[in-house]
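Topology and contacts: notes
Chain residues, written in single-letter form:
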Amino acid sequence: MDLSNDWKFTRRDVLKLGAVSMSALAIPRIVAAPATEPAPPPVMAKVAMEVNGKPQALDLDTRTTLLDALREHMHLTGTKKGCDHGQCGACTVIVDGRRINSCLTLAVMHQDSKITTIEGLGTPEKMHPMQAAFVKHDGYQCGYCTPGQICSAVAVLDEIERDIPSHVTADLGKKAALSRMEVRERMSGNICRCGAYSNIHDAIADVAGGAA
Ligand code: FES
Ligand code: FES
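Attention in this report is confined to the structure presented alongside it. In every chain, residue numbers begin from 1 and rise along the written sequence. Going through the entries in the order they are written, you letter the chains from A and number the ligands from 1. The predicted nature of this model means local features are confined to residues of pLDDT at least 70 and side-chain atom pairs, given and counted, to a pLDDT of 80 or more, with totals for whole chains, interfaces and linings taken over all residues. Here the side-chain values reflect all heavy atoms present in the structure, with hydrogen atoms and water set aside.

1. Focus on the sheet that holds strand β2 (residues 54–61)
To keep things clear, this is the line we draw: For two strands to pair, DSSP has to find at least two bridges joining them. Secondary structure elements are taken from DSSP: a helix is a run of H or I of four residues or more, a strand is a run of E of two residues or more, and numbering for both begins at the N terminus. The angle between two axes is taken between their N-to-C directions and runs from 0 to 180 degrees, where each axis is a line fitted to C-alpha atoms and a helix contributes only its stretch in contact. Contacts: residue pairs with any heavy atoms within 4.5 Å of one another.
If you walk across this open sheet you meet the five strands as β2-β1-β5-β3-β4, and the pairing is mixed. Strand pairing shows two members of the sheet lacking a second neighbour, β2 and β4 (98–101), which therefore form its edges. Within the sheet, the average angular offset between the axes of one strand and its neighbour, ignoring direction, is 40 degrees. This element, helix α5 (residues 146–161), spans β3 (92–95) and β4 of the sheet and lies at about 40 degrees to β3.

Written as C-alpha cells, this is what we have:
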C-alpha cells in the first residue's frame with residue numbers, strides 16, 4: 001500500500017506548521033502563584049512614660065515613633081508631623097530636659113521618660129511665657145511649625161542657662177552670650193516655611209530679657 005499520496009506536504013504547509021508551533025511556545029506559561037505567607041504579627045511592648053505630668057501606659061508596636069505615640073495613641077496633636085525625617089523640627093518635644101525630634105526616636109526607647117509637649121507648657125488661659133511672647137511678637141503665620149519652635153526656644157534658653165555651648169560659642173570657658181548668632185544657630189533645626197524667623201527671634205529675646 002502506498003501512503004505517499006496521503007502525506008503530501010507543500011513547503012507552505014511546513015512553514016504554517018512551524019509558525020503554529022513557535023507561537024505555542026511563545027505563550028507564557030501560567031504558573032501557579034506560590035501561596036503568600038501571612039505577615040507576621042507586630043512585636044508589641046508595654047511602654048510607660050510621663051507625658052505633661054501624667055502617667056501613660058501604652059501597648060505599642062515596637063516600630064512606633066514617639067511622634068506617632070503622642071499623636072495617634074495619646075491624641076496630643078499639638079506636636080506636628082512635618083517631614084517625618086528629622087529635617088524640619090515641627091515634631092520637637094522636650095524629653096528629660098532635652099529637646100529632640102520625636103519623629104526620629106522610637107517610643108519604646110523612652111521607658112520612664114518625662115516628656116513635655118506644647119500642651120504641657122501652658123494652656124490658652126495660662127500660657128507659658130514663651131507662648132505669650134510668640135503671640136505678642138507675631139512669631140508665626142500658619143502656625144504649623146510653632147509648637148516645635150516654642151518647645152525648642154524653651155530648651156534653648158535652658159541650654160544657655162546651663163552653660164551648654166553651641167557650634168558658634170566663641171569661648172567654651174565662658175557662659176554663652178545670648179547673641180543673635182547663638183539664637184539663630186540653636187534654632188536652626190526648626191524650619192519655618194512662612195519665614196517668621198525675625199519675629200520668632202524677637203519673642204525669644206523678649207523672654208530672655210531682651211539681651212539678644
Ligand atoms: Fe520630625 Fe520634621 S517631623 S523633624
Ligand atoms: Fe507657618 Fe512657621 S508659621 S511654617
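So much for the structure itself; the text now carries on.
2. Let's talk about α5
How we decide: The span one expects for a helix is its residue count, reduced by one, times 1.5 Å. Working definition: with a 1.4 Å probe on protein chains only, accessible area under 20% of the residue-type maximum means buried, over 50% means exposed, and in between means partly exposed.
The end-to-end C-alpha distance of α5 is 22 Å, a good match for the 22 Å that 16 residues give at a rise of 1.5 Å each. A large share of α5 lies buried, amounting to 14 of its 16 residues. Following α5 by one or two positions, Asp163 adopts a phi angle in the positive range, close to 60 degrees.

3. Some remarks on helix α7 (residues 197–207)
Residues of α7 that are buried include every one of Ile200, His201, Ala203, Ile204 and Ala205, and no others. The elements touched by buried residues of α7 are α4 (129–136), α5 and α6 (180–186). Once α7 ends, the next one or two residues include Gly209, with phi positive near 95 degrees.

4. Things to note about the side chain of Glu159
Rule in force here: Under this definition, polar contacts are N or O atom pairs within 3.5 Å; protein pairs additionally need one hydrogen-donor-capable and one acceptor-capable atom, and for neighbouring residues in sequence, both atoms have to be side-chain atoms.
Along the chain, Glu159 falls in helix α5. Side chain to side chain, Glu159 and Arg186 meet in a polar contact 3.3 Å long.

5. Concerning the environment of Gly189
As for its position among the elements, Gly189 is in the loop between α6 and α7. Expressed as a C-alpha distance, the spacing of Gly189 and Gly89, which sit 100 residues apart in the sequence, is 5.7 Å. Excluding residues that lie within four positions of it along the chain, Gly189 makes contacts with Cys88 and Gly89.

6. A closer look at the pairing of β4
Examined bridge by bridge, β3 and β4 share four bridges and lie antiparallel to one another. If you follow Ile94 over to β4, its bridge partner there is Arg99. Between β3 and β4, which follow one another and run antiparallel, lie two residues, and Asp96 among them has a positive phi close to 45 degrees.

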